[in-house]
Every structure is written in structure tokens, then in C-alpha cells.
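Observations on the three-dimensional arrangement
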Amino acid sequence: MNGAPHWPRPRWGVFTQPDFRLLWTGETVSGLGNSITVVALPLIAVEVLDANSTAVGLLAAAVWLPWLLVGLPVGAWVDRIRKRPLMIACDVLAGTALASIPLAAWLDALTFQHLVVVALICGTAAVCFSTAYHSYIRIVLDGRDLLEGNAKLQGSEAATQVAGPGVAGLLSQTFGAVTALMADAVTFLISAVCLKRISVAELVPALDEERSPLRRQIREGLRFCAGTAT
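Read on for an overview of the structure.

Each value, and the rule that gives it
- Residues numbered from 1 in each chain as written.
- Predicted model: local features only at pLDDT ≥ 70, side-chain atom pairs only at ≥ 80, totals over all residues.
- Heavy atoms only, no water.
- Core = buried A, V, L, I, M, F, W, Y, C linked by side-chain atoms within 4.5 Å.
- Buried < 20%, exposed > 50% of the residue type's maximum accessible area, 1.4 Å probe, protein only.
- Helix = DSSP H or I, 4+ residues; strand = E, 2+ residues; numbered from the N terminus.
- Contact = heavy atoms within 4.5 Å.
- Polar contact = N/O pair within 3.5 Å; in protein donor to acceptor, adjacent residues only side chain to side chain.
- Salt bridge = Lys/Arg side-chain N within 4 Å of Asp/Glu carboxyl O.
- Axes fitted to C-alpha atoms, helices over the stretch in contact; angles between N-to-C directions.
- Left-handed = near helix turned anticlockwise from the far one by under 90°.
- Nonpolar A, V, L, I, M, F, W, Y, C, P; charged D, E, K, R; others polar.
- 1 Å grid on protein atoms, 1.4 Å probe; cavity = no way out; pocket = protein on both sides within 12 Å on 5 of 7 lines; lining within 4 Å.
- Points joined across faces, edges and corners; volume = space filled by probe spheres on them.
- Patch = residues over 30% accessible without salt bridge, like charges linked within 9 Å, V, L, I, M, F, W, Y side chains within 5 Å.
- Areas by Shrake-Rupley, 256 points an atom, 1.4 Å probe, with all protein chains shown as cover.
- Expected span 1.5 Å × (residues − 1).

Observations regarding the nonpolar core
Of all hydrophobic cores here, the largest spans 52 residues; its most connected members are Leu23, Leu41, Met87, Ile101 and Leu115. For this core, the secondary structure elements donating two or more residues are helix H1 (18-49), helix H2 (53-69), helix H3 (71-78), helix H4 (83-106), helix H5 (112-140), helix H6 (143-175) and helix H7 (177-196). Of the residues forming this core, the biggest block, 13 residues, is contributed by H5. When neighbours within four sequence positions are excluded, Met87 is seen to be in contact with Leu23, Phe129, Ala132, Tyr133, Tyr136 and Leu195.

In C-alpha cells:
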């Protein structure tokens, strides 16, 4: 870098790049949806099904359980596939699953089992989406902008985790928990549209003969986590 000319940074940094703006918007809206889900699902269980504290605790745990069960396998698997189609599929799947709850509630057919299944689906989609977008940013930005782009995405992720519960509570208080969850479903569809509009080409990851098999990578990851925990 000593002999390279110093180019001044644009005032808005990486936000001047349309593809990054779309990725940032999609990630932010999807993260906001995940934060709303964590609050809105238990509220619906209480408001519609008159669930007790044990049931609410089980429902809250179901949202986070996929992070424990499939986090490592997903991390190894995502490295072998295209990221953007996976993120779009996760958004569509989560939005559809969430939209099924208000529909069932309006038809007086909602059950606690339905809520648990949706919580597991949304949790799994969140794991896959989060893993994929952390890798996908390297396709949207080059090395010069990668650090700034990661900082922007991490900042928005932290902000949605703080703002999401408050937004969920405000929507639930104003419109009811069922309507709040429908708005939650819309956030995922908005994210999918943003990601779909990204123009940068993403190549299919090349098969590397020297790459370890997927099962071996998962086992190595488990051994690493076990070693750091002890």
C-alpha cells in the first residue's frame, strides 16, 4: 500500500454502493423481524391461547433451540452453496410461517403446537440467514470496503436486537399481538425483495478435492467447541 495512491473516502462510505445498501436493508429488516418474533409469539400464546408461564417458556426456548442444534452443521454447509438464494429462501419461509399464525387465529384454528412449529422454523431460518450473510458480504464488497461494511452490518444487527422487542410491544399494544405478527411477516418479505434486487453475480462455490467432507468439518467444529468450553 506504500506506493498506492490514497483515494478519499466518499462521505457516506459503503452506503454509496447500491448492492451494499440492498444487503444492509435486507439484513436490517430481517433482523428486526427476528427480534419482533421473539416477543410476539409468546404474546400471542398468552393473548389467544391463554397459555401458562411454562408454555410461554417452552415457546421462547423453541425460537433459540435451532442455534444450538444446527449452528455448526449450517456453518459448514453454507460454505458450499450460493448464499443469496439461501437468504431469500429463509426470508420467504419465515414470512410464510409467521403469516400462517394470524390466518389460523382469525379462523379460530390456532394451537400451541402450531406456534412451536413456527418458532422452530423461524429459528432455523434465522440461523441459516445469519450464517449466509456474514459470508455473502465478501461478494458484495472488496477488501478495501469489507471492514467498514462489516461494521455497518454488525451495528444494525445490534440495533435491531435492542429495538425489536420495543417495536413488538408497541405494535401489540396498538393493534394486538396477532396483527403485530402479520407486520412481522411483512418485514421478511421486504428483506427478500431487497436481496433479490442485488445485481452482483455470485458464482457457485467450486468443488475443492482437498476440502474435508461435511461430516468431518462438523465433527472438527464440535471438538473445537468442546475444547474451548473445558
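Okay, back to it.
What about the side chain of Asp145?
Counting through the fold element by element, Asp145 comes out in helix H6. We classify Asp145 as buried; its relative accessible area is 8%. A polar atom in the side chain of Asp145 sits 2.8 Å from the side chain of Gln17.

A short note on the pattern of salt bridges
Here the structure, examined in full by the defined rule, presents one salt bridge. Here Lys152 and Glu148 are joined by a salt bridge, their closest N and O atoms 3.2 Å apart. With Lys152 and Glu148 both in helix H6 and four residues apart, the pair spans about one turn of that helix. Note on Lys152: relative accessible area 28%, which makes it partly exposed.

Looking at the packing of H1 against H6
With their axes 7 Å apart at the nearest point, H1 and H6 run at an angle of 35 degrees to one another. In the packing of H1 onto H6, the handedness of the crossing is right-handed. Here Phe20, Leu23, Trp24, Glu27, Thr28, Gly31, Leu32, Ser35, Ile36, Val39 and Leu43 of H1 lie close against H6, whose contacting residues are Gly149, Lys152, Leu153, Ser156, Glu157, Thr160, Gln161, Gly164, Pro165, Val167, Ala168 and Ser172. Broken down by class, the residue content of the contact of H1 with H6 amounts to eleven nonpolar, nine polar and three charged.

Brief notes about empty space enclosed by the protein
A complete count under the given rule lists one cavity of 30 Å³ or more for this structure. The calculated volume of the largest cavity comes to roughly 40 Å³. Sorting the residues of the lining of the largest cavity by element identifies H1, H4 and H5 as the ones contributing at least two each. Here the element with the most residues in the lining of the largest cavity is H5; it accounts for four residues. Split by residue class, the lining of the largest cavity holds seven nonpolar, two polar and one charged.

Focus on a nonpolar patch on the surface
A grouping of Leu65, Leu68, Leu69 and Leu120 is seen on the molecular surface, where their side chains present a nonpolar patch of about 390 Å² in accessible area. Top contributing element to the nonpolar patch by residue count: H2, with three residues. In this structure, Leu68 sits in helix H2. A relative accessible area of 69% means that Leu68 is categorised as exposed.

Looking at H4
Under the 1.5 Å per step criterion, the end-to-end length of H4 is 36 Å for 24 residues, consistent within 8% with the ideal 34 Å. Within two residues after H4, Asp108 carries a phi angle of roughly 60 degrees, on the positive side.

No statement about biological role is implied by the geometric values presented.
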